[in-house]
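In case you want the letters, here they are:
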There are 2 protein chains.
Amino acid sequence: MPRDPNEAPPREREIGGEEALIAEYWAPLAADFPGALGLKDDCAVIATPAGAELIVTTDALIAGVHVLPGEDPCAIAWKALAVNISDLVAKGATPLAYLMSVALPDAPERAWLASFAAGLAAAQQAFGCRLAGGDTDRTPGPLSVSITAFGTVPKGRMVLRTTAQPGDRVYVTGCIGDAALGLALRRDPELRARCKLDAAARRDLDAHFSRPHPPVALVPALGACASAAMDISDGLMKDFDRLCRASGVGGHIEAPHVPLSEPARAIIAAGGATLADLMSGGEDYEVLACVPPARAGEFERLADKAGTRVTCIGTIAAAAAGVVATDRAGQAVVFGKAGWDHFSRS
Amino acid sequence: MPRDPNEAPPREREIGGEEALIAEYWAPLAADFPGALGLKDDCAVIATPAGAELIVTTDALIAGVHVLPGEDPCAIAWKALAVNISDLVAKGATPLAYLMSVALPDAPERAWLASFAAGLAAAQQAFGCRLAGGDTDRTPGPLSVSITAFGTVPKGRMVLRTTAQPGDRVYVTGCIGDAALGLALRRDPELRARCKLDAAARRDLDAHFSRPHPPVALVPALGACASAAMDISDGLMKDFDRLCRASGVGGHIEAPHVPLSEPARAIIAAGGATLADLMSGGEDYEVLACVPPARAGEFERLADKAGTRVTCIGTIAAAAAGVVATDRAGQAVVFGKAGWDHFSRS
């Protein structure tokens, strides 16, 4: 199509200053949140509904640490919000709003900003929250995106890490290890051919790594039924161990019950990874929840209603039982991955 | 004194992992804030008192951008919290708590961490808030400290930037320009001798730059009397212009009324800086407040009671009058500093 001669001239590739950047890219993300005051003041107002309590968390993504070189800005933005929403969801909190402090290494280009803002827009739509404020700086270092997320729970009903009880069933959402395999495929593109993965499977694993989707729909089920929960960010076994230590209990995971996706099963079958690798892989951003047996039926019904897959993978035990995972033969699973020793009980 | 042979052996210079770092340095800062849950969970609970509303803000300090090379970690920490508290105070909010996301470029050494934590401890004591949670990462880039601060106001009573009215008196707290002179003395140590400053004056100016002290005690007076306010972080004239633009008004500052410290007067007298330099210097972290004439008496009484110096430096006018500062002869003050053109009205 020929260009309309009345069309405005093309805009500069780089944007002028912080105020223009805020008005053009950040303010639309705050449009539906009255407490953001259009991002025109120094602070935002967070109104907590009557009977509710505000739950807050903060997590940063830093390029070169949490973000691979050349990552799509749209995916960086999505993940920066998702890792924070993951913490809220695991606490039974409904996402409400977020603040973002972003440090940009280069003069911000419109194309980059547009893609980054589109990632935030998609993520906040998916997770049900809005931008409430922030801070944009230049940095001599790598890109960094630090988000503080706000959610609400009914007063006194935050699901803690410290309250698991012996006898509780242990559930996980989704599938375990897909994000770790997505990362492995980025680092070793040959892995795909060796494991005979089709392009769709590769894309699916990559999406679990680059655009994690914490199970927001499970919030009501967690609030109603979970005795304790946390999100799985550093690997299922490491985080299960943390939850057990924080609660002063032991726990048992039956490794064959750990839910795996079809591509993950294919990779294990082809020798590209072990189940133990996936159980310590990290970046799942699924929820690990403990549910008293009397509530397990209701939890499964509510999860089903929410369209969230939950799988019972084990049981909470007395502290003396320690934290173990066993295979089909009842033998302890050996985790070769560095790090396991650092957090095992002494 | 000889070392006690029963004393524990000296600890390692570097600290082991994130959990040890949190337990040793961050958890004591959260000890008095129940919602922090001892920094042992993934989220914190922020309870807002009945009838109050939560006000939030986020600002980051990045080494090499906002922090001079070799700056004392104690001062970095103080300033990282102070710049956020400054935003809260100017909105009439009482500081409550903060989250901190810190990215460390090197393996964290105990001496550095102890000094940094001591700076936070002193600042949170001075400002009346507590650490509620955070995130600690390693970074290949410079040190960065991103803080989100929470404060409370009576419901609907946040002091906005957008609500100044023609006829309002314009007040500032403290003295203007001391922080800019503190920075100038760091960059040009000869300036001290040229202006015949004694060591105490130099230390005082440096403290205004490196450990700003937003006037927390003024919060009740601002809430009771101010029609609009913001903190002064980018220079008095630039921020006054922003406030006037946001409110859709004009404004007049009488430059001779701008409060200056004794050392600042001495430097101006010696030709080391001009009043215009100080009025556009930045980093004051004082409050710029607009007060209707009918409330001015009460505002001054409340400020006096709070022990906070406030000075009336001008008046809000209709938009058509523009934003100006005049000297003793009634002539417009010329601001030579780069940046003024970028934010002047067109």
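Definitions and limits used
- Residues take numbers from 1 onward in each chain, read along the sequence in its written order.
- Labels are handed out in written order, letters beginning with A for the chains and numbers beginning with 1 for the ligands.
- The model is predicted, so local features are restricted to residues of pLDDT at least 70 and side-chain atom pairs to those at 80 or more, both for listing and for counting; the totals for chains, interfaces and linings are taken over all residues.
- Each helix is a run of H or I in the DSSP string that is no shorter than four residues. Each strand is a run of E no shorter than two, and both are numbered from the N terminus.
- We compute the radius of gyration over the C-alpha atoms and compare it with the globule rule, which gives 2.2 Å times the number of residues raised to the power 0.38.
- Counting other C-beta atoms within 10 Å of its own, a residue is labelled buried from 20 upward, exposed at 12 or fewer, and partly exposed in the gap between, with every C-beta atom placed from the backbone.
- Distance between backbone-placed C-beta atoms decides contact: two residues are in contact if it is within 7 Å.
- In superposing the copies, a least-squares fit is computed on C-alpha atoms, taking residues whose pLDDT is at least 70 in both.
- Domain limits in this description derive from either an automatic procedure or a database domain assignment.
- For helices, the fitted line uses only the C-alpha atoms of the stretch in contact; every axis is such a line through C-alpha atoms, and the angle between N-to-C directions lies from 0 to 180 degrees.
- Angle categories are assigned with fixed cut-offs, so that under 35 degrees is roughly parallel, over 145 is roughly antiparallel, 65 to 115 is roughly perpendicular, and the rest are oblique.
- As a working rule, the residues Ala, Val, Leu, Ile, Met, Phe, Trp, Tyr, Cys and Pro are called nonpolar, Asp, Glu, Lys and Arg charged, and the rest polar, with Gly in that last group.
- A pair of strands counts as paired when DSSP detects no fewer than two bridges linking them.
- The crossover handedness rule: strands pointing away from the viewer, path from first strand over the helix to second strand clockwise, crossover right-handed.

Caption draft 1: Highlighting the overall build of chain A. Looking only at helices and strands, chain A features 12 helices and 11 strands. Rg of the C-alpha trace for chain A: 22 Å, near the compact-globule value of 20 Å for 346 residues, within the 12% margin. Expressed as lengths along the three principal axes of its C-alpha atoms, the size of chain A is roughly 75 × 55 × 40 Å. When the 346 residues of chain A are sorted by exposure, 52% land in the buried category. Long-range pairs, those at least 24 residues apart, make up 87% of the contacts in chain A with a sequence separation of at least 6.

Caption draft 2: Layout of the relation of the copies chain B and chain A. Rotating chain B by 180° about the axis while translating it 0.0 Å along that axis superimposes it on chain A, leaving an RMSD of 0.0 Å. The relationship between the two copies is best expressed as a two-fold rotation axis. Minimal C-alpha distance to the rotation axis in chain B is attained by B:Gly141, lying at 2.1 Å. Both copies contact each other with a shared surface, as 98% of the interface residues of chain B are interface residues in chain A too.

Caption draft 3: Seen up close, the domain arrangement of chain A. Residue and element names in this part refer to chain A. By the assigned domains, chain A splits into domain 1 (18-154) and domain 2 (169-343). On the side of domain 2, 19 residues touch domain 1, which itself brings 21 residues to the contact. Looking at which element gives the most residues to the side of domain 1 that touches domain 2, the answer is helix H2 (residues 73-90), with 10 residues.

Caption draft 4: Summary view of the packing of helix H4 (residues 178-187) of chain A against helix H6 (residues 199-210) of chain A. Residue and element names in this part refer to chain A. Taken N-terminus to C-terminus, the directions of H4 and H6 make an angle of 110°; their axes are 7 Å apart at the nearest point. As far as their axial angle goes, H6 and H4 are roughly perpendicular. Seen from H4, the contacting residues are Asp178, Ala179, Leu181, Gly182, Leu183 and Leu185; seen from H6, they are Arg202, Leu205, Asp206, His208, Phe209 and Ser210. Its residues assigned to classes, the contact of H4 with H6 comprises 6 nonpolar, 3 polar and 3 charged.

Caption draft 5: Structural context of the pairing of strand E4 (residues 130-138) of chain A. Bridge count for strand E3 (residues 94-104) of chain A against E4(A) is 8 bridges, and the pairing is parallel. Directly across from A:Ser101, in E4(A), lies its bridge partner A:Asp135.

Caption draft 6: Main features of the interface of chain B and chain A. Residue-level contacts link 49 residues of chain B with 49 residues of chain A. At the level of secondary structure, the elements contributing two or more residues to the side of chain B that touches chain A comprise strand E1 (44-46), strand E2 (52-62), helix H2 (73-90), strand E3 (94-104), strand E4 (130-138), strand E5 (144-154) and strand E7 (228-232) of chain B. Counted by class, the side of chain B that touches chain A contains 23 nonpolar, 14 polar and 12 charged residues. Alignment of strand E2 (residues 52-62) of chain A against E1(B), held across 3 bridges, turns out to be antiparallel. Its bridge partner being in E1(B), A:Leu54 is matched across the sheet by B:Ile46.

Caption draft 7: Seen up close, the pairing of E3(B). Residue and element names in this part refer to chain B. With 10 of 11 residues buried, E3 is to be regarded as a mostly interior element. Where E3 meets E5, 9 bridges bridge the pair, whose relative direction is antiparallel. Residue pairing for E5: Pro95 is matched across the bridge by Gly151. Regarding the hand of the β-α-β motif, the stretch spanning E3, helix H3 (residues 110-127) and E4 is right-handed.

Caption draft 8: Here's a closer look at the sheet that holds E3(B). Judged by pairing direction, the sheet is mixed, and its 5 strands sit side by side in the order E1(A)-E2(B)-E5(B)-E3(B)-E4(B) without closing on themselves. Both edges of this open sheet fall to strand E1 (44-46) of chain A together with E4 of chain B, since each of them pairs with a single strand only. If you compare each strand with its neighbour and ignore which way they point, the axes differ by 20° on average. Two strands pair when backbone bridges link them, and E2(B) and E5(B) are joined in this way by 11 bridges, in the antiparallel orientation. Looking across to E5(B), one finds that B:Ala60 is bridged to B:Ser146.

Caption draft 9: Up close: the sheet that holds strand E8 (residues 250-254) of chain A. All names here are of chain A. An order of E7-E9-E6-E10-E8-E11 is seen for the 6 strands of this open sheet, with the pairing classed as mixed. Edge positions in the sheet fall to strand E7 (228-232) and strand E11 (323-326), since each has one partner strand and no second. Each strand axis lies, on average, 25° off the axis of its neighbour in the sheet, ignoring direction. Across 4 bridges, strand E6 (residues 169-173) lies against strand E9 (residues 286-291) in antiparallel orientation. Along E9, the bridge assignment pairs Val170 with Cys290. Its contacts with the sheet place H2 against E7 and E9, and it is angled at close to 165° to E7. Contacting E6, E9 and strand E10 (310-317), helix H11 (residues 293-306) crosses the sheet at an angle of about 145° to E9.

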